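For reference, the chains in residue letters:
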Amino acid sequence: MTNSWTDIKNTDLVVVMGGNAAEAHPCGFKWVTEAKHHRGAKLIVVDPRYNRTASVSDYYAPIRPGSDIVFLMGVIRWCIENDKVQWDYVRNYTNASFLVKDEFGWSDGLFTGYDEEKRDYDKSSWDYKMGEDGFVQTDPTLQDPRCVWNLLKAHVDAYTPEFVERICGTPKDKFLHICGMIGECSSPTKTMTSMYALGWTQHSKGAQNIRGMAMLQLILGNIGVRGGGMNALRGHSNIQGLTDIGLMSNLIPGYLNIPTEKEADWATYMSTRGFKPIVPGQTSYWQNYSKFMVSFMKAMWGDAATAENDWAYHYLPKLDVPAYDGMRMFELMAHGKVNLYFCQGFNPILSFPNRGKMTEAFSKLKMLVVMDPLETETSHFWQNHGIYNDVDTASIQTEVLELPTTCFAEDEGALVNSGRWLQWHWPGATPPGEAKHDTWIMAQIFLRVKKLYQDEGGVFPDPILNLTWDYRDPNDPKADELAREMNGRALATVYDAADPTKVVAEAGQQLSSFGHYRDDGSTMGGCWIYAGSWTEAGNMMARRDNTDPDDTGAFLNWAFAWPANRRILYNRASCDLQGKPWDPSRKIIEWTGEKWEGYDVPDIPVTAKPEEVGPFIMNPEGASRLFSRGMMRDGPFPTHMEPFEAPIANVFNPKMRGNPVARVFQSTADQFAEIGDPEFPCVATSYRLTEHFHYWTKHNPVNAALQPEFFVEISEELAAERGIAKGGRVRVWSKRGQVWAKAVVTKRLRPLQVDGKTVHVIGIPLHWGFMGSAKKGFGPNSLTSQVGDANVETPEFKAFMVNIEPAEEPVA
Ligand SMILES: Nc1nc2c(c(=O)[nH]1)N[C@H]1C(S)=C(S)[C@@H](COP(=O)(O)OP(=O)(O)OC[C@H]3O[C@@H](n4cnc5c(=O)[nH]c(N)nc54)[C@H](O)[C@@H]3O)O[C@H]1N2
Ligand SMILES: Nc1nc2c(c(=O)[nH]1)N[C@H]1C(S)=C(S)[C@@H](COP(=O)(O)OP(=O)(O)OC[C@H]3O[C@@H](n4cnc5c(=O)[nH]c(N)nc54)[C@H](O)[C@@H]3O)O[C@H]1N2
Ligand SMILES: [Mo]
């Protein structure tokens, strides 16, 4: 989230599109209710289903799964055509006036530079025109045909209301009504907030869905302001923390990168991370990269990381592929290239796409270790459960070890919520039986591996032998020790960057800010964005002071928000060029003539004069990007791409299947239905229910009773067409598998008219399996396909093609 949950109460308009907050985030959703009471805010829901959020909305419109870019580009087109633009914001805080290279263009659904063989773009044309002074060329009058604004206008021109209706199946009058409501928020005194989750991310172009809305929010001037923002509603209680601390194969904590093979040495690695200014007076905050990186290396390897050995850079693994994401790992596993798999707090047999392939992959492992408080389908993947897990146990040789862990409610630590708040929590119960904390188990494994290296040597023992492990009890690192390490501390006296006579930390003291991180080896810190969370003043994450001066929703003394306890990112953009709030009634910070101050921690150096430094300090532009310079693999603007399985071909380019740069593995390339395949005419999507949390609440009889049985949702029209009775049994199948379910026949789903065809949507909830106390059942992933987002590899769980018929399941 750019903003926070509590800030949602400040909005005038909530758009829930690509999520179902009332169902999946019911506690956070109360801030939508607050906004309704507080300011008479309105709620719009755009979703294939009339879902729980829609049931309390002011306006609902249906949409075909996987067509959101068309809708969003349509709204942008409408706003431009109807002058619903916050012009001062767009001119000054976005790259609208920047000129783009003449070579850049778009035709037939593709941007310039596409290489069909590599399934990738040469992105060299997706950049600005640079002047001889090394700065980007601009046209502040926005007249130049090569300025971003005019390129955007041309790009969205195809997305007329009629086109939206034709591709999304959203009736034109509903679309236009929503445009009108959104357009009002271009006023500097009206804001809109976007709340989204997996309805947008789980697509082969998920990142572009989100960019589409971010661009719209910039055009309306809604980023950095109270009640505005792009609010990604996160999943598991600490999934924000997972990404923050780098639990991705290509990340180092704090969104630093694991080097690639091409970056064989430190100098090469750092050379692409200088982020030189491209507009006068601006530098990207990433210019501090080396400080964050060196402090991380010192946290990892202490005295073994020195200036002379480039901070032990050679200890870091170097990626030979862009990432070892889940799908790549399971692909390798399916090819018998993985011997041992550690599965910690994860039930991939149910949660990853293409169950048949997953089972095949797990059967090729030599050993599987499952660390979980419960017995999961993954730890029992080898056990035959009739049609619910139809495996030949005797042919599976994988050895499975279960290591019982505690669950989140039995341990101590911080959970990071969607609003980036690190909230400390304490154990609510004593763990049962032999359950051990995850940290204890991992410490045992580490200490034993280290001993093996000590006793027997190895090809490269140094990174293991020199790993810092100075915990009070090496067998059991405690949450407070890990948290302090992530915050960072001084290893020698640290002086103020601006005033070298002023000491900001003595050796051994906790650092209070990432501004005190250094790249000379005098500081260590495991995760720079968490600096300030555990200072000499104590554990900031444990703060529970809910005073909120003037009712702004900032709550600065409640827990700790990264970065720097800032509640609204880019909050400098809440003020005009002179530093006065666009909307005085919604002030968050302002320029006093000498400094920035207000209710939040300013997202700009506090003495930076308003007209001198742009508000988007992470970008070398200082401005936000309506046109993305090569950061996205699949284009600088979002363009419509059909899902890999779709009822119609891409109207821009009928030969193009899905996202042209999304990765497709050879082994599953032939497992997609044909476009418009008559055997698979229905669009399926998958989703959650409040009463369950994924697959583990079915171990609890109360949850199991509340949502007792696997079902699929279909419209009355589809039921009538196929002769399916309310509550009747059905079979649903895709190119990859089949499931049996009870049919919930409902008005919540309606057939859509798409490109002259009637398209039925089938909704498939995801909570059932073969373990626990709920009735055995299936989930959507027996049916889903194996392709992910081109930028981040999130699987395309939300749009795939199936068929349905009335059928009793075979006897289990
Ligand atoms: N009770 C409960 N709460 C949970 C969870 C849980 O299991 N149970 N899981 C947590 C986790 S890990 C996560 S990630 C979040 C997920 O939170 P959400 O993303 O809100 O949850 P989903 O139910 O997966 O999907 C949301 C909506 O997306 C819609 N949708 C599907 N395809 C499309 C599309 O193409 N376009 C649009 N506009 N909408 C589409 C679906 O109809 C559904 O209403 O929830 C979290 N909260
Ligand atoms: N078709 C389809 N598939 C989907 C989705 C979808 O919308 N549609 N959503 C996807 C999303 S967003 C998600 S997040 C995944 C969820 O998929 P998973 O993360 O695989 O599902 P969970 O059941 O939440 O698994 C978490 C496990 O962690 C265990 N656990 C709880 N606390 C602890 C602890 O402290 N330590 C350890 N070691 N274990 C613990 C639980 O018992 C549980 O077994 O599913 C994905 N799959
Ligand atoms: Mo999730």
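Residues numbered from 1 in each chain as written. Chains lettered and ligands numbered in written order. Predicted model: local features only at pLDDT ≥ 70, side-chain atom pairs only at ≥ 80, totals over all residues. Heavy atoms only, no water.

Now for the overall build of the protein chain. When helices and strands are counted, the protein chain shows 20 helices and 33 strands. Since a compact globule built from 812 residues should have a radius of gyration of about 28 Å, the 27 Å found for the protein chain is in line with a globular shape. Projected onto the principal axes, the alpha-carbon positions of the protein chain cover approximately 80 × 70 × 55 Å. The 812 residues of the protein chain split such that 58% are buried. Looking at the protein chain alone, contacts between residues at least 24 apart form 71% of all its contacts between residues at least 6 apart. Split by element, the accessible area of the protein chain, about 32100 Å² in all, is 54% carbon and sulfur. Charge separation in the protein chain, taken as the distance between the mean sites of 81 positive and 100 negative side-chain charges, equals 3 Å. (Helix = DSSP H or I, 4+ residues; strand = E, 2+ residues; numbered from the N terminus. Rg over C-alpha atoms; globule rule 2.2 N^0.38 Å. Buried < 20%, exposed > 50% of the residue type's maximum accessible area, 1.4 Å probe, protein only. Contact = heavy atoms within 4.5 Å. Areas by Shrake-Rupley, 256 points an atom, 1.4 Å probe, with all protein chains shown as cover. Lys, Arg positive; Asp, Glu negative; His and termini not counted. Charge placed at Lys NZ, Arg CZ, Asp CG, Glu CD.)

Let us now look at the pairing of strand E33 (residues 800-806). Burial analysis of E33 places 5 of its 7 residues in the buried class, which makes it a mostly covered element. Across 3 bridges, strand E26 (residues 682-687) lies against E33 in antiparallel orientation. Note on E33: the bridge partner recorded for valine 683 is methionine 801. Sheet analysis places strand E28 (residues 729-733) next to E33, joined by 4 bridges and oriented antiparallel. Bridge pairing in E33 links valine 732 to isoleucine 804. (Pairing = 2+ DSSP bridges.)

Here we come to the site of ligand 1. Around ligand 1, the surrounding shell holds 32 residues, and the nearest of these are Ala24, Asp47, Leu198, Arg688 and His692. The separation between a nitrogen atom of ligand 1 and a polar main-chain atom of glycine 18 is 3.2 Å. In this structure, leucine 198 approaches ligand 1 through a main-chain N or O atom, which is 2.7 Å from an oxygen atom. Surface burial for ligand 1 is 96%, taken as the share of its 920 Å² of free accessible area covered by protein chains. (Near = heavy atom within 4 Å. Polar contact = N/O pair within 3.5 Å; in protein donor to acceptor, adjacent residues only side chain to side chain.)

With that settled, the discussion passes to the side chain of arginine 625. Here arginine 625 lies in the loop between strand E25 (596-598) and E26. On the accessibility criterion, arginine 625 (17% relative accessible area) is buried. Here glutamate 621 takes part through its side chain, which lies 2.8 Å from a polar atom of the side chain of arginine 625. Among residues more than four places away in sequence, those in contact with arginine 625 are Asn95, Tyr128, Arg211, Met215, Leu218, Asn619, Pro620 and Met631.

Next up on the list: the site of ligand 2. Around ligand 2 there are 28 residues in total, and Asn347, Asp372, Asp438, His694 and Asn781 lie nearest to it. One of the backbone N or O atoms of asparagine 347 is found 2.7 Å from an oxygen atom in ligand 2. One nitrogen or oxygen atom from the main chain of threonine 406 is found 3.2 Å from an oxygen atom belonging to ligand 2. With the chains in place, 88% of the 910 Å² that ligand 2 exposes on its own is no longer accessible.

The next point concerns a nonpolar patch on the surface. A contiguous nonpolar surface patch, about 300 Å² in accessible area, is contributed by Leu340, Phe342, Ile445 and Val449. Summarising the element assignment, phenylalanine 342 is placed in strand E12 (residues 340-344). What makes phenylalanine 342 partly exposed here is its relative accessible area of 38%. (Patch = residues over 30% accessible without salt bridge, like charges linked within 9 Å, V, L, I, M, F, W, Y side chains within 5 Å. Salt bridge = Lys/Arg side-chain N within 4 Å of Asp/Glu carboxyl O.)

A few words now on the nonpolar core. Judged by nonpolar contacts, the single largest core of 94 residues is most densely connected at Phe71, Trp149, Leu152 and Ile182. In terms of residue count, helix H3 (residues 68-81) provides more of this core than any other element does, 10 residues in total. Structurally, this core is a two-domain feature, drawing no fewer than three residues from each of domain 1 (6-235) and domain 2 (663-806). If you look at the next biggest cluster of nonpolar residues, it comprises 41 residues, including Leu256, Ala490, Tyr517 and Phe560. (Core = buried A, V, L, I, M, F, W, Y, C linked by side-chain atoms within 4.5 Å. Domains from an automatic or database assignment.)

Next up on the list: the layout of surface pockets. There is about 490 Å³ of room inside the second largest pocket. Lining the second largest pocket are 23 residues, with Arg91, Asn92, Phe98, Val279 and Glu621 positioned closest to its centre. Among the residues forming the lining of the second largest pocket, the class breakdown is 11 nonpolar, 7 polar and 5 charged. (1 Å grid on protein atoms, 1.4 Å probe; cavity = no way out; pocket = protein on both sides within 12 Å on 5 of 7 lines; lining within 4 Å. Points joined across faces, edges and corners; volume = space filled by probe spheres on them. Nonpolar A, V, L, I, M, F, W, Y, C, P; charged D, E, K, R; others polar.)

The subject of this paragraph is the domain arrangement of the protein chain. You can read the domains of the protein chain as domain 1 (6-235) and domain 2 (663-806). Between the C-alpha centres of domain 1 and domain 2 there is a distance of 28 Å. Taken together, the contact pairs 29 residues of domain 1 with 27 residues of domain 2. Buried area between domain 1 and domain 2, both sides added, is near 2200 Å², and the carbon and sulfur share of it is 56%. Considering only the side of domain 1, the residues that lose the most area to domain 2 are Arg49, Gln202 and Ser204, jointly responsible for 29% of the buried surface there. Counting across the interface, domain 1 meets domain 2 through 3 salt bridges. Between glutamate 691 and arginine 52 there is a salt bridge whose closest N-O contact spans 3.0 Å. Summed over the shared surface of domain 1 and domain 2, the result is 12 residue pairs in polar contact (both at pLDDT 80 or more). Of all the elements in the fold, those that place two or more residues in the side of domain 1 that touches domain 2 are helix H1 (21-24), helix H6 (161-168), helix H8 (198-201) and helix H9 (206-219). (Buried area = accessible area lost by both parts, 1.4 Å probe.)

Bringing helix H5 (residues 148-156) into the picture now. Summarising burial for H5: 7 of the 9 residues are buried, a large majority. Buried within H5 we find Val148, Trp149, Asn150, Leu151, Leu152, His155 and Val156. On the buried face of H5, the contacting elements are H3, helix H4 (87-93), strand E4 (106-107), strand E5 (110-111) and H9.

In terms of residue burial, strand E2 (residues 42-46) counts as a mostly covered element, since 4 of its 5 residues are buried. Summarising the sheet, strand E1 (residues 13-17) and E2 pair through 5 bridges and their orientation is parallel. Paired with methionine 17 across the bridge in E2 is valine 46. Pairing of E2 with strand E3 (residues 59-61), which is carried by 3 bridges, proceeds in the parallel orientation. Residue pairing across strands places isoleucine 44 opposite tyrosine 59, the latter belonging to E3.

Our focus in this paragraph is the sheet that holds strand E15 (residues 413-416). Spatially, E15-E16-E23 is the arrangement adopted by the 3 strands of the open sheet, whose pairing is antiparallel. Two strands in the sheet have a free side with no partner beyond their single neighbour: E15 and strand E23 (560-561). Two strands pair when backbone bridges link them, and strand E16 (residues 421-425) and E23 are joined in this way by 2 bridges, in the antiparallel orientation. Note that in E23 the partner of leucine 422 across the bridge is phenylalanine 560.

Let us now look at empty space enclosed by the protein. Taken as a whole, this structure holds 3 cavities of 30 Å³ or more when the rule is applied. In this structure, the largest cavity spans a volume of roughly 80 Å³. What lines the largest cavity is simply Gln86, Pro188, Thr191, Gly221, Asn222, Val225, Arg226, Ser574, Trp582, Asp583 and Arg586. Considering only residue class, the lining of the largest cavity consists of 3 nonpolar, 5 polar and 3 charged. Roughly 40 Å³ of internal volume is contained in the second largest cavity. In this structure, the second largest cavity is lined by Val15, Met17, Ile44, Val46, Phe71, Leu72, Val75, Ile178, Ile182, Met213 and Leu216. Within the residue set of the lining of the second largest cavity, elements represented by two or more residues are E1, E2, H3, helix H7 (172-183) and H9. Per-element accounting of the lining of the second largest cavity gives the leading share, 3 residues, to H3. Residue composition of the lining of the second largest cavity, by class: 11 nonpolar, no polar and no charged.

What follows deals with H7. Between its terminal C-alpha atoms H7 stretches 16 Å, which fits the 16 Å expected from 12 residues at 1.5 Å a residue. Residues of H7 that are buried include every one of Phe175, Ile178, Cys179, Met181, Ile182 and Gly183, and no others. (Expected span 1.5 Å × (residues − 1).)

The full count for this structure, using the stated rule, is 55 aromatic pairs. Ring centres of phenylalanine 292 and phenylalanine 514 lie 6.3 Å apart, and the angle between their planes is 85°; on these two criteria the pair is classed as edge-to-face. Within this pair, whereas phenylalanine 292 is found in helix H12 (residues 289-301), its partner phenylalanine 514 is found in the loop between strand E19 (503-505) and strand E20 (523-524), the two being separated by 222 residues in sequence. Of the two residues, phenylalanine 292 and phenylalanine 514, both sit in the buried class. The ring of tyrosine 687 carries arginine 49 above its face, with NZ or CZ at 3.4 Å from the centroid. We note arginine 567 situated over the ring of tryptophan 421; from NZ or CZ to the ring centre the distance is 4.8 Å. (Phe/Tyr/Trp six-rings, centres within 6.5 Å; stacked < 30°, edge-to-face > 60°. Lys NZ or Arg CZ within 6 Å of the ring centre and 35° of its normal.)

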